[in-house]
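Results of the structural survey
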Amino acid sequence: MSGVASVLSAAWERTLDLVFPRRCVGCGAFGAFLCPACLSATPRAQPPRCRACWNRYEGGDACFRCLQQRPAFEAARCPFVYAGAAREAVHALKYDGLSAVAATMAEAMAGVLSEWRPPVTALVPVPLAGRRRRSRGYNQSELLARELSRLSGLPVNGGLLMKRKATPSQALAADEAARHANVEGAFAVRPKAETAGALLLVDDVMTSGATLDACARALVAAGHGPVCALTFARED
Ligand SMILES: [Zn+2]
Ligand SMILES: [Zn+2]
């Protein structure tokens with residue numbers, strides 16, 4: 001960002017803070033979208049975990065599920081378990097229209113990214129189907145990827161993946177097989193895409209990993225890879 005732009009954006013942020021003061025999505029305290037107390041009370045997605053899907057697993061490198069069928073992504077990571085204030089933050093971003101919380105969420109993701117250092121050259125947000133994007137006004141994954149790009153310096157490749165059809169909510173699916181069936185063939189790589197690259201998929205929450213797997217599968221089939229994935233939280 002240029003000097004003038006960053007001064008303007010800081011001034012704009014101060015103005016926004018006056019009109020819409022930041023409140024913690026966890027406890028309602030003024031000052032930040034996630035206050036230090038709520039942040040430290042939110043369970044972090046710490047090891048021991050499967051090196052591939054980051055599911056809780058103590059038995060070694062990869063969990064049984066990944067040994068049985070390796071996901072199309074190499075590895076997934078996230079700062080938080082989908083609980084407490086992390087859950088509130090996702091809800092605020094996704095259902096309450098609080099797009100500004102994305103910057104705070106991306107900061108936690110950037111912390112994981114700088115420790116993890118996956119060999120990637122661009123960020124790819126998980127796309128929404130057109131209808132859902134229009135009704136929400138934005139794609140939450142795109143906002144997270146944009147903020148993460150600002151913090152990490154990695155470019156966002158927002159045009160690479162597209163969603164071909166609307167899919168039912170993964171959170172409401174009966175089981176893992178249903179989640180995979182939901183997203184089967186849902187994602188496609190736009191033709192005439194740039195040269196193949198090592199990519200980092202960005203999403204808000206990982207449920208079973210079926211959505212990230214379907215996205216990675218489409219990217220790998222189009223010649224990209226390796227593909228890794230970073231989310232803000234995951235269901236344990
Ligand atoms: Zn709080
Ligand atoms: Zn696994």
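On a predicted model such as this, the values are computed, not experimentally measured, just so you know.

Moving on, we get to the overall build of the protein. For the protein, the count of helices and strands is nine helices and seven strands. Relative to a compact globule of 236 residues, whose C-alpha radius of gyration would be 18 Å, the protein shows 18 Å and is just as compact. Considered along the principal axes of its C-alpha atoms, the protein spans approximately 50 × 40 × 35 Å. Every one of the 236 residues in the protein was classed for burial, and the buried ones make up 47%.

In this section: the coordination of the zinc ion (ligand 1). For the zinc ion (ligand 1), the protein coordination sphere consists of C24 (SG), C27 (SG), C35 (SG) and C38 (SG), at 2.3 to 2.4 Å. Metal-centred angles of 106 to 114° between the four donor atoms at the zinc ion (ligand 1) mark the site as tetrahedral. Sequence spacing of the donor residues for the zinc ion (ligand 1), all on one chain, is C-x2-C-x7-C-x2-C. Judged by its relative accessible area of 48%, C27 is partly exposed.

Protein coordination at the zinc ion (ligand 2): the donors are C50 (SG), C53 (SG), C63 (SG) and C66 (SG), at 2.3 Å from the metal. Coordination at the zinc ion (ligand 2) is tetrahedral, judged from the four donor atoms that bind it and the angles of 106 to 113° they form at the metal. Donor residues for the zinc ion (ligand 2), ordered by position in the chain, follow C-x2-C-x9-C-x2-C. With C53 in the loop between helix 2 (36-41) and helix 3 (64-68) and C66 in helix 3, this pair connects stretches of sequence that are 13 residues apart. The residues C53 and C66 share a single accessibility class, namely buried.

Checked against the element boundaries, T231 lands in strand 7 (residues 227-234). Only 2.9 Å separates the side chain of T231 from the backbone oxygen of A233, close enough to count as a polar contact. Residues contacting T231, with those up to four places away along its chain left out, are R77, C78, P79, M109, D203, D204, V205, M206 and L212.

Next up on the list: the environment of A37. With respect to the secondary-structure elements, A37 resides in helix 2. Using a relative accessible area of 52% as the deciding quantity, one classes A37 as exposed. Here the alpha-carbon distance between A37 and Y82, two residues 45 residues apart in the chain, equals 17 Å.

Across the two faces of strand 3 (residues 122-125) the burial is the same, with A122 and V124 and L123 and P125 all buried. Pairing of strand 3 with strand 6 (residues 199-206) involves four bridges; the strand directions are parallel. Opposite L123, over in strand 6, you have L200 as the bridge partner.

Below, the discussion takes up the pairing of strand 6. Where burial is concerned, most of strand 6 is hidden: eight out of the eight residues are buried. Two strands pair when backbone bridges link them, and strand 6 and strand 7 are joined in this way by seven bridges, in the parallel orientation. Each bridged residue has a counterpart across the sheet, and for D203 the counterpart in strand 7 is T231. With helix 9 (residues 210-221) bridging strand 6 and the parallel strand 7, this β-α-β connection has right-handed handedness.

Let us now look at the pattern of salt bridges. A full pass over the atoms with the stated rule returns nine salt bridges. We note a salt bridge from R133 to E142, for which the minimum N-O separation is 2.9 Å. Taking the relative accessible area as the measure of exposure, R133 reaches 32% and is therefore partly exposed.

The rules behind these values
Residues numbered from 1 in each chain as written. Chains lettered and ligands numbered in written order. Predicted model: local features only at pLDDT ≥ 70, side-chain atom pairs only at ≥ 80, totals over all residues. Heavy atoms only, no water. Helix = DSSP H or I, 4+ residues; strand = E, 2+ residues; numbered from the N terminus. Rg over C-alpha atoms; globule rule 2.2 N^0.38 Å. Buried < 20%, exposed > 50% of the residue type's maximum accessible area, 1.4 Å probe, protein only. Donors = N, O, S within 2.8 Å, 3.2 Å for Na, K, Ca; no water. Tetrahedral: all angles 85-135°; square planar, octahedral: opposite > 155°, others 65-115°. Polar contact = N/O pair within 3.5 Å; in protein donor to acceptor, adjacent residues only side chain to side chain. Contact = heavy atoms within 4.5 Å. Pairing = 2+ DSSP bridges. Right-handed = clockwise from strand over helix to strand, strands pointing away. Salt bridge = Lys/Arg side-chain N within 4 Å of Asp/Glu carboxyl O.

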